[in-house]
Amino acid sequence: MSAIMETEMHAASMGSSTATSLVSARDLTMRFGGLTALDQLNLHIVEGEVLGLLGPNGSGKTTFFNVLTGLYKASSGSIIYQGREVIGQTPQEIYRSGVARTFQRSRLSLPLTVFDNIVIGDYQHMQHGLFFNLFRRKAFRAEYDAYVAKVEALLHIFSPPLVARMFEPVETFSMIDRRRIEVCRALLSEPRLLLLDEPSAGMTHDETEALMDDILQVRNKLSNLTVVLIEHEMNVIKRITDRCIVFNYGKKIAEGTYAEITADPNVQTAYLGEDE
Ligand SMILES: Nc1ncnc2c1ncn2[C@@H]1O[C@H](COP(=O)(O)OP(=O)(O)OP(=O)(O)O)[C@@H](O)[C@H]1O
């Protein structure tokens, strides 16, 4: 089947005649010694969707993110993002092409301020030579002010009270605010594709609900953004995804709406099998 036909089939499954694939993974395989974490995986990520990635522990979800963001080099197969092969590109190149992510474990520097934590991700884009900082004070100030305005705007989408506290250290913030800060950091580069690895991990039910509202709000405000989230909380998946893909043993075993995948016997067996 041609790539165009597959894209059109996906457009049809999204209920839209204009939907196109932002990412296409084909026969993607990632081996760690004798362990096959991704096993000839084929999937598409459709532009503008919120896609949920599900699957039992160890089914390859985070490995997929790690390959897509260039942290791991796939053993074989291909990932086309915006018409270009991702495999072989460095994490920095992939980031610059518009793919940003958060991690399962927090990667914030707790003693640093909210502002510093957010802009640190964009460090490579900054003019930061000694000459620039010492002798081009006006340009330095303008760049700094532009970053402050950008961070304020991002924090404002999530939680206006965070704006007033943006120069306070992250260690003084609650878990949900820390997650918001991490998502803001990922959004600073104005990505087209945002990958969220278990955003609800370690949060209470109410915090999770609030963060999901935030993510929906971000998605409404940044209409070109495509979001993929790995999540174990089925309520979250049900509430915010347009479509889901389920992994098991590094393969895609189901895809469709939340209602479709939860009714799928393959999915039920994968999860029940894990509990037994
Ligand atoms: N760097 C690595 N070296 C060796 N094995 C790895 C590495 N990264 C992942 N694996 C293995 O690959 C498999 C898939 O792991 P992965 O973290 O992608 O699963 P997951 O679906 O994200 O799981 P979870 O839901 O528990 O986060 C697991 O068996 C894991 O132990």
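Keep in mind that this is a model prediction, so the values were computed, not measured.

Asks: Looking at this structure, how should I read the packing of aromatic side chains?
Replies: The geometry of an aromatic ring pair is captured by the separation of the ring centres together with the interplanar angle, meaning the angle of the planes. This structure, assessed with the given rule, holds four aromatic pairs. Their ring planes at 80° and their centres at 6.2 Å tell us that Phe 64 and Phe 247 sit as a pair that is edge-to-face. Here Phe 247 lies in strand S9 (residues 243-248) and Phe 64 lies in helix H2 (residues 61-68), a separation of 183 residues in the sequence. With respect to class, Phe 64 is no different from Phe 247; both count as buried. With a centroid separation of 5.5 Å and 45° between ring planes, the pair formed by Phe 115 and Phe 167 is classed as tilted. With Phe 115 in helix H4 (residues 114-119) and Phe 167 in the loop between helix H7 (160-164) and helix H8 (175-187), this residue pair connects regions lying 52 residues apart in the sequence. For Phe 167, a relative accessible area of 45% translates into the label partly exposed. A connected cluster of aromatic rings, assembled from ring pairs, spans Phe 115, Tyr 144 and Phe 167.

Asks: I would appreciate a short explanation of the pattern of salt bridges in the present structure.
Replies: Where side chains of opposite charge bring their charged atoms close, a pairing between them can arise. As enumerated under the stated definition, the model contains 13 salt bridges in all. Between Glu 209 and Arg 239 there is a salt bridge, and its shortest N-O distance comes to 3.7 Å. Taken together, the residues Glu 209 in helix H9 (residues 205-221) and Arg 239 in helix H10 (residues 234-240) connect sequence positions 30 residues apart. For Arg 239, a relative accessible area of 36% puts it in the partly exposed group. The shortest N-O distance in the salt bridge between Asp 242 and Arg 219 comes to 2.7 Å. With Asp 242 in the loop between H10 and S9 and Arg 219 in helix H9, the pair connects residues that are 23 residues apart, well separated along the chain. Judged by relative accessible area, Asp 242 falls into the partly exposed class, the value being 32%. Through salt bridges with shared partners, a single network forms among Glu 49, Arg 243, Lys 252 and Glu 255.

Asks: Would you take a moment to explain the packing of H8 against H9 for this structure?
Replies: In a pair of packed helices, the angle between the axes and the distance between the axes together describe the arrangement. Taken N-terminus to C-terminus, the directions of H8 and H9 make an angle of 20°; their axes are 10 Å apart at the nearest point. As summarised for this structure, H8 and H9 are arranged roughly parallel, according to the angle between their axes. Of the two possible hands of crossing, H8 and H9 adopt the one that is right-handed. From H8, Met 175, Ile 176, Arg 179, Arg 180 and Leu 187 reach across to H9, where they touch Glu 207, Ala 210, Leu 211, Asp 214 and Val 218. By residue class, the composition of the contact of H8 with H9 is six nonpolar, no polar and four charged.

Conventions used here
- Residues numbered from 1 in each chain as written.
- Predicted model: local features only at pLDDT ≥ 70, side-chain atom pairs only at ≥ 80, totals over all residues.
- Heavy atoms only, no water.
- Phe/Tyr/Trp six-rings, centres within 6.5 Å; stacked < 30°, edge-to-face > 60°.
- Helix = DSSP H or I, 4+ residues; strand = E, 2+ residues; numbered from the N terminus.
- Buried < 20%, exposed > 50% of the residue type's maximum accessible area, 1.4 Å probe, protein only.
- Salt bridge = Lys/Arg side-chain N within 4 Å of Asp/Glu carboxyl O.
- Axes fitted to C-alpha atoms, helices over the stretch in contact; angles between N-to-C directions.
- Parallel < 35°, antiparallel > 145°, perpendicular 65-115°, else oblique.
- Left-handed = near helix turned anticlockwise from the far one by under 90°.
- Contact = heavy atoms within 4.5 Å.
- Nonpolar A, V, L, I, M, F, W, Y, C, P; charged D, E, K, R; others polar.

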